[in-house]
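Take a look at the letters that make up each chain.
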Amino acid sequence: QSEGIASSAHMPLLSVATVALLSFAGPSASLRLSPAAPRMSAVDAPPQQAASPAPDAISSSAPLHVLIAGGGVGGLALANCLELSDAPVTYTVLERTSEFKKFGGPIQLASNAMQGFRSIDEELYKQIEARATWTGNRTNGIKDGVRDEWYAKFDLRSPAESREMPFTCVVERPELQEILMRRTRDNLRLGAGVESYGKRSDGGVVATLQTGEQVHGDVLIGADGIWSNVRAAMTETPARGEGSGVTYSGYTVFAGELEYGGGDPECGYKVYIGPQQYFVITDIGRGRYQWYAFLARPADSEASEEKPDGSSPYLQNLFEGWSPEIHDILRATQEHEIEQRDLYDRPPS
């Protein structure tokens, strides 16, 4: 989710690809700076004064201070890399929300993502692995929604095994964030969303928070998601609306998550496709399943399309004649277990 990077005289501007490599290249590759120094927390770091000239060299007495906008998976993964780098660097994660709450469903971590976490730190990987539900070693693929026949099965097992990589898995997003915060919590500020940023006269960076507070650093990395304020300030475009680069996908999605005993234990996930809509059922572990119903609709259809009997009956009617597995899990889902949201996207940076 790294959106952009603003830097000081300490370092040249970094590309998004560089940050991605930094996040998953492992401690040995992250910030090869010398001389090495003991890790320092943002609380212990020397104060960053706007009037103080930035030294030309990064050292234990003048460490690089990195501001990370966004405490999602991307921002916290980078924070772990910096924490483990053994380089003269300090960091502060600036997160918009005042507290972490459950948002969305479990996150799928492909084999290369799990390998990335392993390359950052073996103990970090083991903690994530302990909460994972493996799906890449099971049957996954696309089925005809009406005929209930397989179009294609995806072989996720063989590529992972041949490269000695972990299988694809799903992990509850709050659990993944909690694991990523275990080492970095002391450097995380909640209720500190970045609104904009500017460059100091000495080459440093100042981030202006939504509260009006200013936070100083040497490098600012935007990991603040699809509606990134850092990207908007960097590119001088709106964060939302026309000109932002964010577009409506043309689909709204209903998502359900429930305790369910009727799933197929041989399958990780199934995607049932048909005209203008499709349905996904996936095992998320510990006796729980998640499903998604994607419908081609105009934006904001939730308000304009009535569902007098509730979302489950509404979807059962739309998917009439489709696979019995779809209707079985819809009937088992209670209304409070269903959420709807429109899907937005942007071109790759």
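Going by the structure above, here's the rest.
Please read these numbers as outputs of a predicted model, since none were measured by experiment. (Residues numbered from 1 in each chain as written. Predicted model: local features only at pLDDT ≥ 70, side-chain atom pairs only at ≥ 80, totals over all residues. Heavy atoms only, no water.)

For the protein, the helix and strand inventory stands at ten helices and 18 strands. Here the protein holds 349 residues, and the buried ones make up 49% of them. A separation threshold of at least 6 residues defines the contact pool for the protein, and within that pool the share at least 24 residues apart is 71%. Accessible surface, the protein: about 16700 Å² in total, of which carbon and sulfur atoms supply 50%. (Helix = DSSP H or I, 4+ residues; strand = E, 2+ residues; numbered from the N terminus. Buried < 20%, exposed > 50% of the residue type's maximum accessible area, 1.4 Å probe, protein only. Contact = heavy atoms within 4.5 Å. Areas by Shrake-Rupley, 256 points an atom, 1.4 Å probe, with all protein chains shown as cover.)

Phi angles above zero are rare outside glycine, and Glu-236 is one such case at about 55°. Within the element layout of this structure, Glu-236 appears in the loop between α7 (229-235) and β14 (247-259). The phi torsion at Asp-300 lies on the positive side, around 65°, for a residue other than glycine. If you trace the backbone, Asp-300 turns up in the loop between β17 (288-296) and α8 (301-304).

Attention shifts here to the environment of Thr-133. Looking at where Thr-133 falls in the secondary structure, it is placed in strand β5 (residues 133-134). Since its relative accessible area comes to 14%, Thr-133 is described here as buried. Separated by 135 residues in the primary sequence, Thr-133 and Gly-268 have C-alpha atoms spaced 9.1 Å apart. Setting aside chain neighbours within four positions, we find Thr-133 in contact with Arg-138, Cys-169, Val-170, Asp-283, Ile-284 and Gly-285. In terms of polar contacts, Thr-133 uses its side chain to reach the backbone carbonyl oxygen of Ile-284, at 3.4 Å. (Polar contact = N/O pair within 3.5 Å; in protein donor to acceptor, adjacent residues only side chain to side chain.)

With that out of the way, let us pick up the sheet that holds β17. Pairing is mixed in the open sheet, where seven strands are placed in the order β7-β6-β15-β16-β17-β14-β18. Every interior strand has two partners, whereas the edge strands, β7 (150-153) and β18 (338-345), have only one. Averaged over all adjacent pairs, the angle separating strand axes in this sheet is 20°, with direction ignored. Relative to β17, β14 runs antiparallel, the two being bridged by nine bridges. Within β17, the position partnered with Leu-258 by the bridge is Tyr-289. (Pairing = 2+ DSSP bridges. Axes fitted to C-alpha atoms, helices over the stretch in contact; angles between N-to-C directions.)

Turning our eyes to something else, we now look at the side chain of Gln-290. Looking at the element boundaries, Gln-290 is found in strand β17. Of the residues examined, Gln-290 reaches a relative accessible area of 3% and is grouped as buried. Of note is the side chain of Gln-290, whose polar atom sits 2.6 Å from the side chain of Tyr-292.

What follows covers the sheet that holds strand β10 (residues 194-199). Think of a sheet as strands paired side by side through backbone hydrogen bonds, with each pair either parallel or antiparallel. One open sheet accounts for three strands, arranged β10-β11-β12; its pairing is antiparallel. Looking at strand neighbours, the two that pair on one side only are β10 and β12 (214-217), the edges of this open sheet. With direction set aside, neighbouring strand axes in the sheet form an average angle of 25°. Alignment of β10 against strand β11 (residues 205-209), held across five bridges, turns out to be antiparallel. Residue pairing for β11: Lys-199 is matched across the bridge by Val-205.

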